[in-house]
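Observations on the three-dimensional arrangement
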2 protein chains.
Amino acid sequence: MDLLSRIKARETRAIARALTLVENGDDAFCAALDAEYTNLPHPERIGITGPPGSGKSTLTSALLSEYRRQGKRVGVVAVDPSSPFSGGALLGDRLRMTAHSLDADVFVRSMASRGRFGGLAIGSEDACDVLALAGFDPIIVETVGVGQSEVDIARLADTTVVVLTPSAGDSVQALKAGIMEIAEVVAINKADREGAERLEEDVKEGMELRPESARAWNPPIVRTVATQGQGASELAAAIAQHRTFLGSNGLLAGVRQKRAESRLTDLAGAALLDALKGQGRANTAFEGLRGQVRARQLSPRAAVKALLQQLAL
Amino acid sequence: MDLLSRIKARETRAIARALTLVENGDDAFCAALDAEYTNLPHPERIGITGPPGSGKSTLTSALLSEYRRQGKRVGVVAVDPSSPFSGGALLGDRLRMTAHSLDADVFVRSMASRGRFGGLAIGSEDACDVLALAGFDPIIVETVGVGQSEVDIARLADTTVVVLTPSAGDSVQALKAGIMEIAEVVAINKADREGAERLEEDVKEGMELRPESARAWNPPIVRTVATQGQGASELAAAIAQHRTFLGSNGLLAGVRQKRAESRLTDLAGAALLDALKGQGRANTAFEGLRGQVRARQLSPRAAVKALLQQLAL
C-alpha cells in the first residue's frame, strides 16, 4: 500500500513518516499530497500562540484532553521557530504532551522551521494536510509568538487563541503591539496568579481600540490554569463559539480562500528563489550578476534590477 | 544641497531623514544611495544580540560611551523585530540611550522591521550605508535574538557579540541551539548575579563542541555589568581583537563579499515577489493562477509549478 493510502488508513508510522517528508520538503511526497488537494477534508484548525513562558504547550495539552473527552481525534503541530534563544519551554512541555502518546486518536508532532522564507507557514500547512488526510479533527497548531510566527499562525488557523499570563508589563506590551488584531479567543493562563483581574481589564480595553471592521466578532476571554486543566472546557467552548460564528456568517470559505492565496504567495516566493539556484534561465542570469557583485563592480540593488530586466519579469 | 551631500556633511536632520527613507524602502533615495555604493567607506560593524532581558541595549549604551571616550563617532541601529511579544525592553532602553542624544558624534536610530522577507537585513544594510556615508565608525547593530534575526545580525556585522545573562536554564538552552556558531565575542552581562561562573563554564564547554573549521578564532568571554558601565572597555578590547584577527588574516574582504551576496539574495527574493504584484509578465501569469487557486481548481503548489513554466525560469 502506498504512503497516502496508509495515512488514510490512519497508520501511525505512516503519518510520522509523512510528516518527516513534509518537514524536509520532499518533492515527490509533496507532489503526491498535492494530487489529493481538492479532495482533502477540512478539519477545524486552531492556532495557539503567546509569549514565551505563557504556558502555551501545557494549555494545548489540557485542551487536547478536553477534546479527547468529547471523543474527538486530535492532531497537534507544535512549531518551534528554531531560535537559539526562544526555544525555552518547548522541549519540556512537549514531553508533557507525551501523556497522550499511547493514544492512537492523538497525534502530536514537533516541527522545526529553520527555513528563511515562509518557513513556518509552508511546512505547517503541509503537516496540517497530512493530519487532515489521516482524519484528525480538530488540528491544533501551536507556536511561540515571536517575530513573524504569530502572523503566520493567524493565517494557518480558523480560530487563533492568544495565551497571556499575568505578569508585570506583559499585558500592556501585548496590547500595544496590536495583538488584538490576531486574537479570536484570549486565554488568560496561570489565572490563579496575582494580576489576572488587571490583565483581563487591559485586554478588554485593548479590544475597544480595535477598528470598527474587526468588531463583528467579540473575542471571549477565558481564564485557565492549564497545569490543573482548569478552564480547558470553557476554552473549547469559546473556540466552538468562534467556529459557529464563522460558519453561520459564511466566513469560513473566505478564511480558507485567503489561506490558499497566502500559501500560493509563500510557495511562489520560495520557488522563485530556488529558481535562482536552479538549472534554468534564472540561474544563468543570477550567477553572472552575482559574480559582478562579488567583485564589487555592481551593487546588489543594481544587480537585482538587471536581473528583473534580463528575465523580462 | 541634495540629501546625500548633506549626509556627507554630517547634518543630523539629513541623516534622520535618510534613515526614514530607507526604513520605508523609498525607491528614489535607495537608488541615489546605491549610486554611491562602490565609493562607500567601510566602517567597522559590530552586531549585538542576545535573548530578551539580557540587557543588550544597556550594554550597547555602555559600549557607545566607551567608544566616545576613545574619540570615535558611533552610529547605532537598534532593530526591533516588531513582534507583539518580543518588543519588551526596547522602548525603555532606547530612552536610556538618549543620554547620548545631544552628542553630535553619536547617532542612535530604532528601526522596525515588519517586512516579511529579509526585512531586518535589507533595511539595516541600507541604514548602515547611510551611517557609513555620514562618517560614523564603528556602527553598532543591536537586535533581540529571536527567530531569524540572530542569523541576520551575524551576516550584517564584522564582529557579532552575543549577550548572555546568568539565569536558570538560559545558558544550556543557548548553547544547545548552536549560538556559538554566531558568537565572535561573548558578553556575560549582569555578571554580578549568581551563576556567572557556571554560565562562563557552560559557554566554554559549548565552544569545545564547535566544528574544527570554526576554531581559527577563539571567542573571548567578557563579564560585564552594563548598568554600571563595568566591562565596557574590556568588551571594546575583545571586539578590537576580533577585528585585528579578521584584518591580519585577510578575512575581512571575504566577510564583506559574503555580505554583499546575502544582500543580493535578499533583495532578489523581495524583488521577485514584488514582480508578481507588478505590471509585467510575472503579474499576468500570477493573477491567472491565483484566480484558479481561489476557486480551488488548482492547488497552490501546482500553481507555482505552472508559474515557473509560464515564466520559463
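Cut-off values and rules
- Residues numbered from 1 in each chain as written.
- Chains lettered and ligands numbered in written order.
- Predicted model: local features only at pLDDT ≥ 70, side-chain atom pairs only at ≥ 80, totals over all residues.
- Helix = DSSP H or I, 4+ residues; strand = E, 2+ residues; numbered from the N terminus.
- Buried ≥ 20, exposed ≤ 12 C-beta atoms within 10 Å, placed from the backbone.
- Contact = placed C-beta atoms within 7 Å.
- Pairing = 2+ DSSP bridges.
- Expected span 1.5 Å × (residues − 1).
- Axes fitted to C-alpha atoms, helices over the stretch in contact; angles between N-to-C directions.
- Parallel < 35°, antiparallel > 145°, perpendicular 65-115°, else oblique.
- Left-handed = near helix turned anticlockwise from the far one by under 90°.
- pLDDT = per-residue confidence, 0-100.
- Nonpolar A, V, L, I, M, F, W, Y, C, P; charged D, E, K, R; others polar.

1. Looking at the overall build of chain A
Regarding its fold elements, chain A presents 13 helices and seven strands. For chain A, the residues scored as buried account for 50% of the 313 residues in total. In chain A, of all internal contacts separated by at least 6 residues, the share reaching a separation of at least 24 is 75%.

2. Points about the pairing of strand 1 (residues 45-50) of chain A
The side chains of a regular strand alternate, residue by residue, between the two faces of the sheet. All names here are of chain A. The element strand 1 is extensively covered by neighbouring structure, given that six of its six residues are classed as buried. Here strand 1 shows no split at all, with Arg-45, Gly-47 and Thr-49 on one side and Ile-46, Ile-48 and Gly-50 on the other all buried. The sheet contact formed by strand 1 and strand 5 (residues 159-164) spans four bridges and is parallel. Bridge pairing in strand 5 links Ile-48 to Val-161.

3. Considerations on unusual backbone geometry
All names here are of chain A. Asp-137 connects to Pro-138 through a cis peptide bond whose omega is 10°. By secondary structure assignment, the location of Pro-138 is in the loop between helix 6 (119-133) and strand 4 (139-144). Even without being a glycine, Arg-10 presents a positive backbone phi close to 65°. With respect to the secondary-structure elements, Arg-10 resides in the loop between helix 1 (3-8) and helix 2 (12-23).

4. Examining the pairing of strand 5 of chain A
Residues and elements named next belong to chain A. Most of strand 5 sits out of view: six of its six residues are buried. Because side chains alternate across strand 5, one face comprises the buried residues Thr-159, Val-161 and Val-163, and the other comprises Thr-160, Val-162 and Leu-164, equally buried. Examined bridge by bridge, strand 5 and strand 6 (residues 185-188) share four bridges and lie parallel to one another. Directly across from Leu-164, in strand 6, lies its bridge partner Ile-188.

5. Some details on helix 10 (residues 232-248) of chain B
All names here are of chain B. Here helix 10 contains 17 residues, and its C-alpha end-to-end distance of 24 Å stays within 8% of the 24 Å for a straight helix at 1.5 Å per residue. Tucked inside the fold, the buried residues of helix 10 contact strand 1 (45-50), helix 4 (56-69), strand 5 (159-164), strand 6 (185-188) and strand 7 (221-223). Just past helix 10, the residue Gly-250 takes up positive phi, approximately 65°.

6. Comments concerning the environment of Pro52(B)
For Pro52(B), the position within the fold is in the loop between strand 1 and helix 4. Separated by 87 residues in the primary sequence, Pro52(B) and Ile139(B) place their C-alpha atoms 22 Å from one another.

7. Points about the environment of Phe29(A)
All names here are of chain A. Relative to the helices and strands, Phe-29 is located in helix 3 (residues 27-35). Residue classification places Phe-29 among the partly exposed positions, given that 19 C-beta atoms sit within 10 Å. Each C-alpha atom, one on Phe-29 and one on Leu-19, is 10.0 Å from the other, the two residues being 10 residues apart in sequence. If we ignore the near neighbours within four places in the chain, the residues touching Phe-29 are Leu-3, Ala-18, Leu-21 and Val-22.

8. Comments concerning the packing of helix 12 (residues 281-294) of chain A against helix 11 (residues 252-276) of chain B
Contact geometry for helix 12 of chain A and helix 11 of chain B: axes closest at 9 Å, N-to-C directions at 140°. The pairing of helix 12 of chain A with helix 11 of chain B is recorded here as oblique in orientation. Crossing of helix 12 of chain A over helix 11 of chain B shows right-handed handedness. Side by side, helix 12 of chain A and helix 11 of chain B meet where Phe286(A), Arg290(A), Val293(A) and Arg294(A) of the first sit next to Gln257(B), Ala260(B), Glu261(B), Leu264(B) and Ala268(B) of the second.

9. Some words on helix 13 (residues 300-311) of chain A
For helix 13 of chain A, built from 12 residues, the straight-helix expectation of 16 Å at 1.5 Å per residue is met to within 8% by its first-to-last C-alpha distance of 16 Å. The set of residues buried in helix 13 of chain A consists of Pro300(A), Arg301(A), Ala302(A), Ala303(A), Val304(A), Leu307(A) and Leu311(A). Where helix 13 of chain A is buried, its residues contact helix 12 of chain A together with helix 3 (27-35) and helix 11 of chain B. In the segment just after helix 13 of chain A, Ala312(A) is the residue with positive phi, at about 50°.

10. Section: the confidence of the model for chain A
All names here are of chain A. Across chain A, the average pLDDT comes to 84, with 83% of residues at or above 70. Contacts of residues 83-93 to residues separated by more than four positions or lying in other chains number 33 contacts, the stretch itself having pLDDT below 50. Of the two predicted TM-score estimates for the complex, the pTM is 0.78 and the ipTM is 0.82.

11. Side note on the packing of helix 13 of chain A against helix 11 of chain B
Packing of helix 13 of chain A against helix 11 of chain B brings their axes to within 9 Å, and their N-to-C directions diverge by 40°. With respect to helix 11 of chain B, the element helix 13 of chain A is oriented oblique. Remark: the crossing between helix 13 of chain A and helix 11 of chain B carries right-handed chirality. Judged by residue contacts, Pro300(A), Arg301(A), Ala303(A), Val304(A), Leu307(A) and Leu308(A) of helix 13 of chain A engage Ala260(B), Arg263(B), Leu264(B), Leu267(B), Ala268(B), Ala271(B) and Ala275(B) from helix 11 of chain B. Its residues placed into classes, the contact of helix 13 of chain A with helix 11 of chain B shows 11 nonpolar, no polar and two charged.

12. Points about the environment of Pro220(B)
Residue and element names in this part refer to chain B. Mapped onto the elements of the fold, Pro-220 is located in the loop between helix 9 (196-208) and strand 7. Between the C-alpha atom of Pro-220 and that of Thr-49, which follows or precedes it by 171 residues, the distance is 16 Å. Those residues in contact with Pro-220, other than ones at most four positions away along the chain, are Val-185, Ala-238 and Gln-241.

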